[in-house]
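Topology and contacts: notes
This is what each chain is made of:
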Amino acid sequence: MPQLNLIWERQLIQCQNDQSEFSLLSFFIALKKEHFFRSLYTFISTTANRLLLLDIVWESIQNGEDTSTAALRSWDCAQSPEEYLKMKSHSKRVLSDDGVLFLVEAFQEEIDSLLSVPTSGNVDANFDEEQIRLLCQQNSLLLNLSSSEPYSELIRQHSQNLIAALVKLLKSLQLWSRNNPDSVFAFRGQLKDVDLNAESSSNPAYGFKRDIIGLIANIICGNRAAQDYLRTSDGLAALLDCAKIDARNPFILQWSIFAIHNALECNEENQQYVAQMKSQGVLQDDELVDRIQKNRPPRKI
């Protein structure tokens, strides 16, 4: 098995260097086999090559949906939850069940590693860019898979530890943002604070918090145990705190509202919890308001 994995790792590098369609197709087929993804990912020792493998899984998902790569990648910064879910409505099985569950396990391990950093510490100094990209890519893949019929129920059935890790991660990100305003994870409430073109290409955590909330939204949909945990762990309060514009997380407001909707659906305890909370005011983006006013058509008299 190690010798076979070594051959596959070389094939992986060939996919990148030669852009071989045959090599890529061979991975698409192998990823459907039980234990293939688990075995190869565990064998690979470098973060760079693990990222390559995750990129191929991403391509496999896109190829399986018969949707262009460009169209799906554009969702990262230019689509609402409604548009995204519509695009995801016709999904095909591209990864074995064992592969999906292993991805959940690997993601939880990366979260545990990130959370080993104190909330008052400098998280950026403890993680290099590749590690952050790996964590974000795992999250993006699980967001895609949890929106797909073959996998959504599987992930929900094995979500007890995952939802706990996601809630803890979300709350930690908020604390890091407050304590480390220069962190790649830090909140940016004003559009003028961020060069969106530069940010999307240079910040490895761009869109990360939004994707966390999207995954939470998918997991708690129709999942009473996860809904209740969200309330008892103060995760629901964390979601409500994210329901605001963040220039580093496009559409995070819409995704937060979507997640809150799923948390409250058919759950009276969660509805009462939110009803008892008090509004702390409105956070306004002056630049966004200025853009709206400039683009507003003249009023007819």
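The paragraphs below set out a description of the structure included in this document. (Residues numbered from 1 in each chain as written. Predicted model: local features only at pLDDT ≥ 70, side-chain atom pairs only at ≥ 80, totals over all residues. Heavy atoms only, no water.)

Turning to the packing of aromatic side chains, a few remarks are in order. The geometry of an aromatic ring pair is captured by the separation of the ring centres together with the interplanar angle, meaning the angle of the planes. One pass over the structure, following the stated rule, counts nine aromatic pairs. Judged by centre distance (4.9 Å) and plane angle (75°), the rings of Trp 8 and Phe 36 are edge-to-face. Pair noted here: Trp 8 is in helix H1 (residues 2-18) and Phe 36 is in helix H3 (residues 36-43), with a separation of 28 residues, a long-range link. Here Trp 8 and Phe 36 have matching classes, each one buried. An angle of 50° between the planes, with centres 6.0 Å apart, marks the rings of Phe 185 and Phe 208 as tilted. Here Phe 185 is found in the loop between helix H12 (160-179) and helix H13 (196-202), whereas its partner Phe 208 is found in helix H14 (residues 208-220), with 23 residues between them in sequence. Comparing Phe 185 with Phe 208 shows no difference in burial state: the two are buried. Site record: aromatic cluster; members linked through ring pairs are Trp 8, Phe 27 and Phe 36. (Phe/Tyr/Trp six-rings, centres within 6.5 Å; stacked < 30°, edge-to-face > 60°. Helix = DSSP H or I, 4+ residues; strand = E, 2+ residues; numbered from the N terminus. Buried < 20%, exposed > 50% of the residue type's maximum accessible area, 1.4 Å probe, protein only.)

The residue Asn 262 is located in helix H17 (residues 252-264) in this model. Looking at Asn 262, its side chain comes within polar contact range of the main-chain oxygen of Ala 217, at 2.9 Å. Excluding residues within four positions of it along the chain, Asn 262 makes contact with Ala 217, Ile 220, Cys 221 and Gln 227. (Polar contact = N/O pair within 3.5 Å; in protein donor to acceptor, adjacent residues only side chain to side chain. Contact = heavy atoms within 4.5 Å.)

A few words now on the environment of Leu 166. Among the structural elements, Leu 166 can be located in helix H12. The class for Leu 166 is buried, based on a relative accessible area of 0%. For the pair Leu 166 and Ile 213, spaced 47 residues apart in sequence, the C-alpha to C-alpha distance is 8.5 Å. Not counting chain neighbours up to four residues away, the residues in contact with Leu 166 comprise Phe 107, Ile 111, Asn 139, Ile 212, Leu 215, Ile 216 and Ile 219.

For Asp 234, which is not a glycine, the phi torsion comes out positive at approximately 70°. Even without glycine at this site, Cys 266 takes up a positive phi of about 60°. Along the chain, Cys 266 falls in the loop between H17 and helix H18 (268-275). Its relative accessible area of 71% is what places Cys 266 among the exposed residues.

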